[in-house]
Amino acid sequence: MSPEYLLTTLVVCLAPGIGVVYTLSVALAQGLRGGFWASVGCTLATILHMAVAVAGLAAILHSSALLFQTVKFAGVAYLMWMAWGTMRGAGGLSLQAAAPQPAGRIVWRGIALNLLNPKIPMFFLAFLPQFLSPGDGTSAIVELGLGFAAMTFAVFIGYAALAASGREAVLSRPAVTAWLRRAFAASFAALGLRLAMERA
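Residues numbered from 1 in each chain as written. Predicted model: local features only at pLDDT ≥ 70, side-chain atom pairs only at ≥ 80, totals over all residues. Heavy atoms only, no water.

> Residue-level account of the side chain of threonine 46, with values.
For threonine 46, the location among the structural elements is in helix α2 (residues 18-54). Under the relative-accessibility criterion, threonine 46 is labelled buried at 11%. The residues contacting threonine 46, other than those within four sequence positions of it, are Phe124, Phe148, Ala149 and Thr152. (Helix = DSSP H or I, 4+ residues; strand = E, 2+ residues; numbered from the N terminus. Buried < 20%, exposed > 50% of the residue type's maximum accessible area, 1.4 Å probe, protein only. Contact = heavy atoms within 4.5 Å.)

Given below as structure tokens:
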């Protein structure tokens, strides 16, 4: 794994997206424990998407407009549902002191949010070949994929720790909490709209 690949992967993982917004919101609502499990869910989704890309299913998804649109709009609907729930302060994304959510529920939401984005396996299909040599086989692709997953987890844990460290200061100020809740809801809605407008 080259330094160039690791640096590029770091930049990609740092860019705000569905997983980052979800991890930050959970860590603010439930602390580092919640952020940890959100990071696990998002990373597992990345590994599953990588498996899809390695298996060549991303090419099938790319060639089937109906399949692409079905997965895409399922993802849009889920993001809008998350935006509505966040705005209402409901469920695990309520930015207020509350009993911790079960780890399985946090992980599942992280997986679902990221799995319902058909662009991710296509991204891997376009991204990984740039760092492969003509003679490389499946093992090299898997190695790059696992490196990407490890970077995803490390970056998301960093985001979770950052959010958790300021959690008490945020939750003790109702005005800030309300602003953040609206910001997260708007972020989920904006990501959903962006996904809806993307072409296969």
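> Run through the packing of helix α1 (residues 3-14) against helix α7 (residues 138-165), naming residues and quoting values.
Where α1 contacts α7, the two axes come as close as 9 Å, and the packing angle between them is 45 degrees. For the element pair α1 / α7, the angle class is oblique. Relative to α7, the crossing made by α1 is right-handed. On α7, the residues that touch Tyr5, Leu6, Thr9, Leu10, Val12, Cys13 and Leu14 of α1 are Leu144, Gly145, Phe148, Met151, Thr152, Val155, Phe156 and Tyr159. (Axes fitted to C-alpha atoms, helices over the stretch in contact; angles between N-to-C directions. Parallel < 35°, antiparallel > 145°, perpendicular 65-115°, else oblique. Left-handed = near helix turned anticlockwise from the far one by under 90°.)

> Would you mind going over the environment of phenylalanine 124 in detail, with residue names and values included?
With respect to the secondary-structure elements, phenylalanine 124 resides in helix α6 (residues 119-127). Note on phenylalanine 124: relative accessible area 2%, which makes it buried. Through-space distance from the C-alpha of phenylalanine 124 to that of isoleucine 141 is 10.0 Å; in sequence the pair is 17 residues apart.

> For the environment of threonine 23, give the residues involved together with the corresponding values.
Assignment of secondary structure puts threonine 23 in helix α2. Linking threonine 23 and alanine 160, residues 137 residues apart in sequence, is a C-alpha distance of 6.1 Å. Discounting residues that sit within four places of it in the chain, threonine 23 has contacts with Gly35, Ala38, Ser39, Cys42, Phe156 and Ala160.

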